[in-house]
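Okay, here's what each chain looks like letter by letter:
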Amino acid sequence: MSVRRSVMAATAAALMSVSALPALAAQVQFETNVGNFVADVNEKAAPKTAANFLRYVNEGFYDNTIFHRVIANFMVQGGGFEAGMVQKETHAPIPLESKNGLTNKRGTIAMARTMDPNSATSQFFINLKNNHFLDANQSPDGNGYAVFGQVVSGMDTIDKIAQVKTHSVGYHDDVPLRNVVIKKATVLKGK
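Residue numbers run consecutively from 1 along every chain, following the written order of its sequence. Predicted model: local features are reported for residues with pLDDT of at least 70 only, side-chain atom pairs are reported and counted for 80 or more only, and whole-chain, interface and lining totals are derived from all residues. Remark: hydrogens and water are excluded; side-chain values derive from all non-hydrogen atoms of the structure.

A. Spatial organisation of the side chain of N127. Only DSSP runs of H or I covering at least 4 residues are called helices, and only runs of E covering at least 2 are called strands; the numbering of each starts at the N terminus. For N127, the position within the fold is in strand 7 (residues 124-127). Two N or O atoms count as a polar contact when they lie within 3.5 Å, although within protein this holds only if one can serve as hydrogen donor and the other as acceptor, and sequence-adjacent residues are included solely when both atoms are side-chain atoms. A polar contact is formed between the side chain of N127 and the side chain of N104, at a distance of 3.1 Å. Contacts were defined at the residue level, with two residues in contact if any of their heavy atoms lie within 4.5 Å. Discounting residues that sit within four places of it in the chain, N127 has contacts with F74, M75, N104, K105, R106, G107, T108, L134 and M155.

Structure below.
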């Protein structure tokens, strides 16, 4: 075998092994006024939820929104309001993907919704502790909340957000006294 053929065979083998690797998860970085965090988005387990979330990120929807609901030892919620509790216009709701094998454990990201299981739009929450009662198999309504990602760095930022003092604004409870702003959300890898 010539040297040229050997190099070509080795290159082909290397390309085949690279293409056999699993696709990297989409990853999103959030820059906030209290620090940054990065989350993996699980497109395999929650394809519709992940696509919805990434659509909002790519559109710049989350830029300059606030974490509008903070409950210590439970979760922090954002993705729907600008400063002053001004709610943003969203796309149509998505179907619930809560029975996807992912659980509401510390550091996971799940979609917020109303009592209607298929009402999630842009709002998401990050679990501050294991909240398995939010999983479909343990929730009273049998629906639960769809987990679609996991904070992989910057959980200390989430813990800082969890410590802010809150108050009521109109009919909204647990609103931070000082705005916790998502300055920018950016897809780092993936879609």
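Having seen it, we continue.
B. Structural detail: the nonpolar core. If you look at the biggest cluster of nonpolar residues, it comprises 34 residues, and the most contacted ones within it are V28, F53, V76, F124 and I126. Ranked by residues supplied to this core, first place goes to helix 2 (residues 47-59) with five residues. Residues grouped as a nonpolar core are buried Ala, Val, Leu, Ile, Met, Phe, Trp, Tyr and Cys residues, joined through side-chain atoms within 4.5 Å. Three exposure classes are used, based on accessible area relative to the maximum for each residue type with a 1.4 Å probe and protein chains only: buried under 20%, partly exposed in between, and exposed over 50%. Grouped together as the second largest cluster of nonpolar side chains are seven residues, M75, F125, L134 and V147 included.

C. Representation of the environment of H68. Tracing the sequence through the fold places H68 in strand 3 (residues 65-71). Ignoring sequence-local partners within four residues, the contact set of H68 consists of Q77, G78, F81, M85, Q123, D173, D174, V175 and P176. At 3.2 Å, the side chain of H68 and the side chain of Q123 are in polar contact.

D. Highlighting the environment of D173. Following the sequence through the fold, D173 ends up in strand 10 (residues 172-176). D173 sits in the partly exposed class, given a relative accessible area of 47%. Taking the C-alpha atoms as reference, D173 lies 9.4 Å from I71; in sequence the two are 102 residues apart. Polar side-chain contacts of D173 include one of 2.8 Å to the side chain of S168.

E. Fine view of the side chain of D63. Along the chain, D63 turns up in the loop between helix 2 and strand 3. Residue class for D63 comes out buried when judged on its relative accessible area of 17%. In contact with D63, other than residues within four places in its own chain, are K88, I182, K183, K184 and A185.

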